[in-house]
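An overview of the molecular structure
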Amino acid sequence: MDIQTFNIAGMILLTPPRFGDERGYFSETFNAARMKEIGISGPFVQDNHSLSCQRGVVRGLHCQLAPHAQGKLVRCTRGSIWDVGVDIRAGSPTFGQWVGATLSAENGSQLWIPTGFLHGFCTLSENAEVQYKCTDFWDRDCERSVRWDDPLLAIDWPVSEKDVILSEKDAAALPFSNVDDWFHI
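This is a predicted model, so every value here is computed, not measured.

Before going further, it helps to spend a moment on the overall build of the protein. For the protein, the helix and strand inventory stands at 2 helices and 15 strands. Taking 16 Å as the expected radius of gyration for a compact globule of 185 residues, we find that the protein reaches 16 Å, a close match to that expectation. Across its three principal directions, the C-alpha atoms of the protein cover 50 × 40 × 30 Å. Across the 185 residues in the protein, those meeting the buried criterion constitute 48%. For the protein, long-range pairs separated by at least 24 residues make up 80% of all intrachain contacts whose partners lie at least 6 apart in sequence. Element-wise, carbon and sulfur atoms account for 50% of the exposed surface of the protein, whose accessible area totals about 9,400 Å². Treating the 16 positive side-chain charges of the protein as one cloud and the 24 negative ones as another, the clouds have centres 4 Å apart.

In summary, soluble globular proteins display a tendency toward joint burial of nonpolar side chains. Counting 22 residues, the largest nonpolar core has L61, V86, I88, L118, V146, W157 and W182 as its most contacted members. For this core, the secondary-structure elements that each account for two or more residues are strand 6 (58-64), strand 8 (80-87) and strand 12 (117-123). The residues touching W182, leaving out its near neighbours within four places in the chain, are C63, L65, I88, L118, R144, V146 and L174. If you look at the next biggest cluster of nonpolar residues, it comprises 17 residues, including V74, I81, A101 and Y132.

Moving on to the UniProt feature "active site" (unreviewed entry) in the protein. Under the feature "active site" (unreviewed entry), the UniProt entry names H62 and Y132. For this annotated set, covering 71 residues, all C-alpha atoms fall within 13.6 Å of each other, a compact arrangement in space. Mapped onto the secondary structure, H62 falls in strand 6. Contacts of H62, omitting those with residues within four sequence positions, involve F117, L118, H119, R144, S145, K169 and D170. For Y132, the location among the structural elements is in strand 13 (residues 128-134). Those residues in contact with Y132, other than ones at most four positions away along the chain, are Q46, D47, N48, K72, L73 and V74.

The next point concerns the side chain of Q46. Along the chain, Q46 falls in strand 5 (residues 46-52). Its relative accessible area of 18% is what places Q46 among the buried residues. A distance of 3.1 Å separates a polar atom in the side chain of Q46 from the backbone nitrogen of W138. Beyond its immediate chain neighbours, meaning those up to four positions away, Q46 contacts Y132, K133, C134, D136, F137 and W138.

On to the sheet that holds strand 6. Pairing within the open sheet is antiparallel, and its 5 strands lie in the order 10-8-12-6-14. Each edge of the sheet is formed by a strand with only one pairing partner; in this case those strands are strand 10 (98-104) and strand 14 (143-145). For this sheet the average axis-to-axis angle between neighbouring strands, irrespective of direction, equals 25°. The sheet contact formed by strand 6 and strand 12 spans 4 bridges and is antiparallel. The residue bridging R59 from the neighbouring strand is F121, located in strand 12.

The next thing to look at is the environment of E22. Within the fold, E22 resides in the loop between strand 3 (19-21) and strand 4 (24-26). With a relative accessible area of 75%, E22 lands in the exposed category.

The full count for this structure, using the stated rule, is 5 aromatic pairs. Ring centres 5.9 Å apart and planes at 65° place the aromatic pair W148 and W157 in the edge-to-face group. By relative accessible area, W148 is classed as buried at 3%. Judged by relative accessible area, W157 falls into the buried class, the value being 9%. An aromatic cluster is present here, built from F30, F44 and W112 joined pairwise through their rings. The ring centre of Y25 lies 4.1 Å from the NZ or CZ of R18, which sits over that ring. Between K133 and the ring centre of F30, over which it is positioned, the NZ or CZ distance is 5.1 Å.

What counts as what
Residues numbered from 1 in each chain as written. Predicted model: local features only at pLDDT ≥ 70, side-chain atom pairs only at ≥ 80, totals over all residues. Heavy atoms only, no water. Helix = DSSP H or I, 4+ residues; strand = E, 2+ residues; numbered from the N terminus. Rg over C-alpha atoms; globule rule 2.2 N^0.38 Å. Buried < 20%, exposed > 50% of the residue type's maximum accessible area, 1.4 Å probe, protein only. Contact = heavy atoms within 4.5 Å. Areas by Shrake-Rupley, 256 points an atom, 1.4 Å probe, with all protein chains shown as cover. Lys, Arg positive; Asp, Glu negative; His and termini not counted. Charge placed at Lys NZ, Arg CZ, Asp CG, Glu CD. Core = buried A, V, L, I, M, F, W, Y, C linked by side-chain atoms within 4.5 Å. UniProt positions renumbered as here; feature names shortened; annotations may be inferred. Polar contact = N/O pair within 3.5 Å; in protein donor to acceptor, adjacent residues only side chain to side chain. Pairing = 2+ DSSP bridges. Axes fitted to C-alpha atoms, helices over the stretch in contact; angles between N-to-C directions. Phe/Tyr/Trp six-rings, centres within 6.5 Å; stacked < 30°, edge-to-face > 60°. Lys NZ or Arg CZ within 6 Å of the ring centre and 35° of its normal.

Here it is as structure tokens:
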């Protein structure tokens, strides 16, 4: 398995090997023992699957607070996305910094977004299916959203403000300045 770490502790990009022949390929996308060895811990209790039917859809930036904080293992199984994690752990030397990676059905890469991070993605293809494993259940009262284009974060999104497609909830998200003590390290 190809494993890439970043300057933000905890974020991991992994690409499981694919074993192909004339029929296609086989890939082991999740193995609890191997994940634990590289610092991805569960248990995973919920799998989510989204379909975005247009290029430029942005979902995020989202997180859940304790007692239902979620770590997410994200992969794109159709099309491609630009996936982003933002460190919001108060006291972290990388607070407010972000990591982005292209996840696609073609590259098979997965991004680990630990608890204490915002998560969001932008579709790069007309149709993109995203599947992710979560370490806790969804809880409306614990859910928080931050503006995808907040200038304090300066995320290099592959879509312009005039072309982005947002939900009403994401369009009304809080500014990053509201994130001060949601998580602590």
